[in-house]
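# Structural overview for review
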Amino acid sequence: MPEQTIYVLGESDITVVGSSTGGLSGVTQGDGSHLDGATITLNTNNWQAILIDDNDADFADNDTSQVLVGNQTLDGETYLGGSIVEAEFSFDLTDPTGTVYRVLAFNIREPVPGQQSYATVEGLVFVDTGNGFPPTGVVLTVSNTQEGPIDPYVSLAAPPCFTAGTMVQTPDGQRLIEDLEVGDWVSTMDNGAQQIKWIGVARLPSVALETNPKFRPVLVKRNAMGAGLPAQDLHLSPQHRILVSGWQAELLFGEEEVLVPVVKLINDASVLVDNRCADIVYYHLMFARHEIVWTNGLPTESYLPGLAEEESAETQAEIAGLFPELAASLQKSKTARPCISDKRVSVLRAMTAP
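Rules behind the numbers
Residues numbered from 1 in each chain as written. Predicted model: local features only at pLDDT ≥ 70, side-chain atom pairs only at ≥ 80, totals over all residues. Heavy atoms only, no water. Salt bridge = Lys/Arg side-chain N within 4 Å of Asp/Glu carboxyl O. Helix = DSSP H or I, 4+ residues; strand = E, 2+ residues; numbered from the N terminus. Buried < 20%, exposed > 50% of the residue type's maximum accessible area, 1.4 Å probe, protein only. Core = buried A, V, L, I, M, F, W, Y, C linked by side-chain atoms within 4.5 Å. Contact = heavy atoms within 4.5 Å. Polar contact = N/O pair within 3.5 Å; in protein donor to acceptor, adjacent residues only side chain to side chain. Phe/Tyr/Trp six-rings, centres within 6.5 Å; stacked < 30°, edge-to-face > 60°. Pairing = 2+ DSSP bridges. pLDDT = per-residue confidence, 0-100.

## Some thoughts on the pattern of salt bridges
This model, assessed by the stated rule, comprises 5 salt bridges. The residue Asp-151 makes a salt bridge to Arg-102 at a minimum N-O spacing of 2.6 Å. Highlighted residues: Asp-151 in strand S13 (residues 150-152) and Arg-102 in strand S10 (residues 100-108), separated in sequence by 49 residues. Taking the relative accessible area as the measure of exposure, Asp-151 reaches 7% and is therefore buried. With a closest N to O distance of 3.3 Å, Asp-184 and Arg-175 form a salt bridge.

## Quick word on unusual backbone geometry
Look at the link from Leu-229 to Pro-230: it is a cis peptide, with omega at -5°. Notably, Asn-144 is not glycine yet its phi reads approximately 55°, a positive angle. Among the secondary structure elements, Asn-144 is positioned in strand S12 (residues 139-147).

## Re the nonpolar core
Membership of the largest hydrophobic core comes to 34 residues, with the highest contact counts inside it found for Ile-40, Leu-42, Phe-91, Leu-93, Leu-124 and Phe-126. Apart from residues lying up to four places away in sequence, Ile-40 is in contact with Ile-14, Thr-15, Val-16, Leu-24, Phe-91, Leu-93, Leu-124, Val-138, Val-139, Leu-140 and Val-142. With 25 residues, the next largest nonpolar core counts Ile-177, Ala-224, Tyr-283 and Leu-298 among its residues.

## As for the environment of Glu-77
Examined against the element boundaries, Glu-77 turns out to sit in strand S8 (residues 77-79). A sequence separation of 45 residues divides Glu-77 from Glu-122, and the C-alpha atoms of the two residues are 9.9 Å apart. Within the structure, Glu-77 has its side chain in polar contact with the side chain of Tyr-79 (distance 3.4 Å).

## Describing the packing of aromatic side chains
Counted by the stated rule, this structure contains 3 aromatic pairs. Seen from their ring centres, Phe-59 and Phe-106 are 6.2 Å apart, and the 35° between their planes marks the pair as tilted. Remark: Phe-106 occurs in strand S10 and Phe-59 occurs in strand S5 (residues 58-60); sequence separation between them is 47 residues. Exposure class is identical for Phe-59 and Phe-106. Each is buried.

## Details of the pairing of strand S18 (residues 192-195)
By the bridge criterion, 4 bridges tie strand S17 (residues 185-188) to S18 in an arrangement that is antiparallel. By the bridge assignment for S18, Val-186 is matched with Gln-194. Counted between consecutive antiparallel strands, the loop separating S17 from S18 contains 3 residues.

## A closer look at the side chain of Glu-86
Mapped onto the elements, Glu-86 comes out in strand S9 (residues 85-94). Within polar-contact distance, the side chain of Glu-86 engages the side chain of Asn-107 at 2.9 Å.

## Concerning the confidence of the model for the protein
Any segment with low pLDDT has predicted coordinates that should not be analysed in fine detail. Mean pLDDT over the protein: 80, with 77% of residues reaching 70 or higher. Helix H3 (residues 313-322) is the least confidently modelled element of the protein, averaging 46 in pLDDT, while S17 averages 97, the highest of any element. Below a pLDDT of 50 lies the segment residues 328-333, which in the model reaches 5 contacts outside its immediate sequence neighbourhood of four places, other chains included.

## Considering the environment of Ser-155
Relative to the helices and strands, Ser-155 resides in the loop between S13 and strand S14 (162-163). Using a relative accessible area of 18% as the deciding quantity, one classes Ser-155 as buried. For the pair Ser-155 and Asp-128, spaced 27 residues apart in sequence, the C-alpha to C-alpha distance is 5.6 Å. Residues within four places of Ser-155 in sequence aside, it is in contact with Val-127 and Asp-128. A polar side-chain atom of Ser-155 sits 2.7 Å from the main-chain carbonyl oxygen of Pro-152.

Set out below in structure tokens:
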């Protein structure tokens, strides 16, 4: 059967207030009605990759063909391979800015004394509706609870980010991205040293990469974009943007510098999908504004959830929800450079191929 990867935030990383059952689980019902009017706060960004065997392309409620691929751990508890999993119910979450996120209740069927197995909920899965992942530390209001959701696996949210082992330029020299902490200072192209406001982590086991190639990192080989760009091989998630400058940017886009998703620059020679099967840890770095940072010597973007185009109202709304104290400045902010992903990039790819 086809294997799929979904990202789940475990119940221990979530605060629920106002649920008639005291939490995410329905106990005696699986339609989500116990959460109507409740509030949910996401306390971390500890998304966990869960690998599922399924005989179709949809993640759904009451589908016994959806099973765990081997023993897997979620929220510190290990569940047996072959356990049935499902989208028990769905609901909407609305943040203080009015941005709405579609959410699926993730259920692993296992015997629980005094409860119906189908009504237990182990965590939350988010559908990518263009708003990215919901903000952390912000009270979100539940509405529109529904039983029987069916959502394509390809529509479920997955984070873009750097990989472990990436060297990030800081005022104190190069540092491994996995050693950085919130509050540390990182060198930026436009605004000098800036403090990290948020770090997110997503772990993908080798089996998830093997069965879901869309999550494989893109390898930018040493000197692929010019001498020392990057200074050493760099792995990025497919949608991570890199800075392109010089005559190519001016000729094709009328801009001195643009940001382009690395997946659009794949030429199967100096920029290519890394098909080796190894566990990958993706990291997200966020600052007070969208920044250009140096990773393995290559200028790349900092993380900005939901980023699509310059002046994106949806992006600004999400960042304001994530960091309310930054709302005033973010309302007037722009992306660090124009973001390009249209057909003109294919010409750029040809120009940069060795």
